[in-house]
Amino acid sequence: MVAISVEAPKALRILPSATPEAPAPGEVLLRVQRAGICGSDLHILHGSNPFARYPRVIGHEFAGVIEAVGPGVTRFAAGQRVVVDPVVSCGRCYACRVGRSNVCANLQVFGVHRDGGFRSRLAVPEANCIAVPDGLPIEIAALAEPFSIAANVLSRTGIAATDTVLVYGAGTVGLTVLQVARLHGARVLVADPDAARLERALGFGADRVIQSGRESVPDGVAAENDGFGPSLVIDGAGVPALLAEACRVASPAGRIGLLGFSDAPCPVSQQEIVRKELTLAGSRLNRRLLPQVMDWLATGRLRPAPMITQTFAAEDAAAAFALIETDPGRTVKVQLDFSRSP
Ligand code: MN
């Protein structure tokens, strides 16, 4: 049994995991099998996540098998495979009451506000478990949370087959947004400075790619959508300056979805927003969208397998983190295998 803990910023430790917690009422005891490493795990490791407290067992993208259920659990039984929605909300605050549980006033995210899924066993609320259909590999199920980020931003902005979407960033976030937008029949353009990442975006179905830095993105997209520009712009790169550019290139009546978490200010033209009646939407985590994503995964509507570029044994987590840091171009989603760490 292992747990991957950030003891303090920059101090990653592989620890023997504590004796499993008995599941409380309404909770299940999960035996983790697969877990994905996210950019936000790296932020916690580097001390740049404003919500993290230390020491912290990280990990919020995880799936496994239920070993035991606590009192009152009705939807699941031991032996069932589940993926976990890491967003725990109170159900009582204003945001929860209006269906926006991902911005709950008392938000608790596994691996951020409370110890997460990079450990052999943990207890999770039954309400956060989503069944993994028979035949769907557990490593694919563990991708449900990253795809839910894309599902959430596109539900915030709306997405339709009539849209021309410009996605900034061809990293993990950009590639999930690309796939979910294509699933809705939209035309998708991807901008990124890195040619290899753009090649990957083409492999995931991008209609066009634009190498920012070498080509002007505004010039490159100006003729799109009958010359009106993209109807939807998603910033999956989290670069503050892109907000101003997004407002400039978006079509009249366009929408802009923001995923980056920088607190650096960015000047935008109010006139641009009002003249074109743009809609700007922030998007954080996901609003109970894992069941939808699991349905897409189970019915073959996404291309998840090539997203997993490397898998490391849980004990080798330090090497997995080192690879992402030193050679990010080779990685999309790096997963940890806990199934060999009983
Ligand atoms: Mn994630």
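These figures come from a predicted structure and were not determined experimentally. Along each chain, residue indices are assigned from 1 in the same order as the chain's sequence is written. Reporting of local features is limited, given that this is a predicted model, to residues whose pLDDT is at least 70; pairs of side-chain atoms are given and counted only at 80 or more, and all residues count toward the totals for whole chains, interfaces and linings. Computation of side-chain values covers all heavy atoms of the structure but excludes hydrogens and water.

**Description of the overall build of the protein chain**
- Per the secondary structure count, the protein chain includes 12 helices and 18 strands.
- This radius of gyration counts C-alpha atoms alone. The globule rule is 2.2 Å times how many residues there are, raised to the power 0.38. Over its C-alpha trace the protein chain gives a radius of gyration of 20 Å, about what one expects of a compact globule, namely 20 Å for 342 residues.
- In terms of overall dimensions, the protein chain has C-alpha extents of about 60 × 45 × 40 Å along its principal axes.
- Here's how the labels work: a residue is buried when its accessible area is under 20% of the maximum for its type, exposed when over 50%, partly exposed in between, all with a 1.4 Å probe on protein chains only. Taking all 342 residues of the protein chain together, the buried fraction comes to 54%. In DSSP terms, a helix is any run of H or I states spanning at least four residues, a strand is any run of E spanning at least two, and both are numbered starting from the N terminus.

**So, helix α5 (residues 172-183)**
- Here, expected helix span is obtained from the residue count minus one, scaled by 1.5 Å. If you check α5, its first and last C-alpha atoms are 17 Å apart, about what 12 residues at 1.5 Å a residue would give, namely 16 Å.
- Most of α5 sits inside the fold, with nine of its 12 residues counted as buried.
- Along α5, the positions that sit buried rather than exposed are Gly-174, Leu-175, Thr-176, Val-177, Leu-178, Gln-179, Val-180, Ala-181 and Leu-183.
- Gly-185 occupies a position one or two residues after α5 and carries a positive phi of about 90°.

**Remarks on the pattern of salt bridges**
- Think of a salt bridge as a Lys or Arg side-chain nitrogen and an Asp or Glu carboxyl oxygen that are within 4 Å of each other. Following the criterion strictly, the structure yields 12 salt bridges and no others.
- Two residues, Asp-163 and Arg-255, come together in a salt bridge whose shortest N-O distance is 2.8 Å. Placement of the pair is Asp-163 in the loop between α4 (144-157) and β11 (164-168) and Arg-255 in strand β15 (residues 255-258), with a sequence separation of 92 residues.
- Each of the salt bridges in this network shares a partner with another, and the network as a whole consists of Arg-34, Asp-337 and Arg-340.

**Quick word on the domain arrangement of the protein chain**
- Where each domain starts and ends comes from a domain assignment, either automatic or drawn from a database. In terms of domain boundaries, the protein chain breaks down into domain 1 (2-143 + 304-337) and domain 2 (148-282).
- Centre-to-centre separation of domain 1 and domain 2, based on C-alpha positions: 28 Å.
- Here's the idea: put two parts together, see how much 1.4 Å probe accessible area each one loses, and the total over both is what we call buried area. Across the interface of domain 1 and domain 2, roughly 810 Å² is buried in total on both sides, 58% from carbon and sulfur atoms.
- Counting across the domain 1 and domain 2 interface gives zero salt bridges.
- Two N or O atoms count as a polar contact when they lie within 3.5 Å, although within protein this holds only if one can serve as hydrogen donor and the other as acceptor, and sequence-adjacent residues are included solely when both atoms are side-chain atoms. Between the two partners, domain 1 and domain 2, sit two residue pairs in polar contact (both at pLDDT 80 or more).
- A class-by-class count of the residues in the side of domain 1 that touches domain 2 yields five nonpolar, three polar and three charged. Under the convention adopted here, Pro, Cys and the residues Ala, Val, Leu, Ile, Met, Phe, Trp and Tyr are nonpolar, Asp, Glu, Lys and Arg are charged, and Gly plus all remaining residues are polar.

**So, the sheet that holds strand β16 (residues 279-282)**
- With parallel pairing, the six strands of this open sheet are ordered in space as β13-β12-β11-β14-β15-β16. Each edge of the open sheet carries a strand with a single partner, namely β13 (208-211) and β16. The mean angle between the axes of side-by-side strands here comes to 15°, regardless of whether they run parallel or antiparallel.
- Pairing between two strands requires that DSSP report at least two bridges joining them. Relative to β15, strand β14 (residues 232-235) is paired through four bridges, and the arrangement is parallel. Its bridge partner lying in β15, Ile-234 is registered against Gly-257.
- Whether two residues are in contact is decided by their heavy atoms: any pair within 4.5 Å suffices. Between N-to-C directions, angles span 0 to 180 degrees; the directions come from axes that are lines fitted to C-alpha atoms, helices contributing only their stretch in contact. Contacting β11, β14, β15 and β16, helix α9 (residues 242-249) crosses the sheet at an angle of about 165° to β11.

**Remarks on the coordination of the manganese ion**
- Within the protein, the manganese ion binds to Cys-38 (SG), His-60 (NE2) and Glu-61 (OE); these donor distances fall in the range 2.2 to 2.7 Å.
- A donor here means an N, O or S atom no more than 2.8 Å from the metal, or no more than 3.2 Å when the metal is Na, K or Ca. Since water is not included, a site may seem to lack partners. Mapped onto the polypeptide sequence, the residues donating to the manganese ion form the spacing pattern C-x21-H-E. Here Cys-38, found in the loop between β3 (27-37) and α1 (39-46), pairs with Glu-61, found in strand β5 (residues 61-69); they are 23 residues apart in sequence, far enough to count as distant.

**Thoughts on the nonpolar core**
- Formed by 48 residues in total, the largest nonpolar core has its most connected members in Phe-62, Phe-118, Leu-336 and Phe-338.
- Setting aside residues no more than four positions away along its own chain, Phe-338 makes contact with Val-2, Ile-4, Arg-31, Val-32, Gln-33, Ala-35, Gly-117, Phe-118, Arg-119, Ser-120 and Ala-314.
- Nonpolar cores are built from buried Ala, Val, Leu, Ile, Met, Phe, Trp, Tyr and Cys residues. Side-chain atoms within 4.5 Å join them into one set. Within the second largest apolar cluster, 47 residues are counted, among which are Leu-183, Val-188, Ala-206 and Val-332.

**Focus on the side chain of Asn-128**
- Along the polypeptide, Asn-128 turns up in the loop between β9 (121-125) and β10 (129-131).
- Ignoring anything within four residues of it in the chain, the contact list for Asn-128 reads Val-83, Val-84, Asp-85, Pro-86, Val-87 and Val-88.

**Some details on the environment of Leu-243**
- Along the chain, Leu-243 turns up in helix α9.
- Remark: the alpha-carbon pair of Leu-243 and Cys-266, spanning 23 residues in sequence, is separated by 7.1 Å.
- Setting aside residues up to four positions removed in sequence, Leu-243 forms contacts with Ile-256, Leu-258, Cys-266, Val-268 and Leu-280.

**What about helix α12 (residues 317-326)?**
- Those residues of α12 not exposed but buried are Ala-317, Ala-320, Phe-321, Leu-323 and Ile-324. One face of α12 carries all of its buried residues, which in axial projection span an arc of 155°.
- Where α12 is buried, its residues touch β1 (2-8), β2 (11-16), β3, α1, β17 (308-313) and β18 (333-337). Along the arc lie the directions from the helix axis toward the C-beta atoms.

**Considerations on the packing of aromatic side chains**
- Aromatic pairing here means that ring centres of Phe, Tyr or Trp (its six-membered ring) are within 6.5 Å. Orientation follows from the plane angle: under 30 degrees is stacked, over 60 is edge-to-face, and everything else is tilted. Applying the stated rule across the entire model yields three aromatic pairs.
- Any Lys NZ or Arg CZ that is within 6 Å of a ring centre and within 35 degrees of that ring's normal is treated as a charge sitting over the ring. Taking the ring centre of Phe-51 as reference, the NZ or CZ of Arg-284 above it sits at 4.7 Å.

**Concerning the sheet that holds β2**
- Taken in spatial order, the three strands line up as β2-β1-β4 in an open sheet, and their pairing is antiparallel. The open sheet is flanked by β2 and β4 (56-57), the only strands paired with a single partner.
- Together, β1 and β2 form the strand contacts of α12, whose direction differs from that of β2 by roughly 155°.

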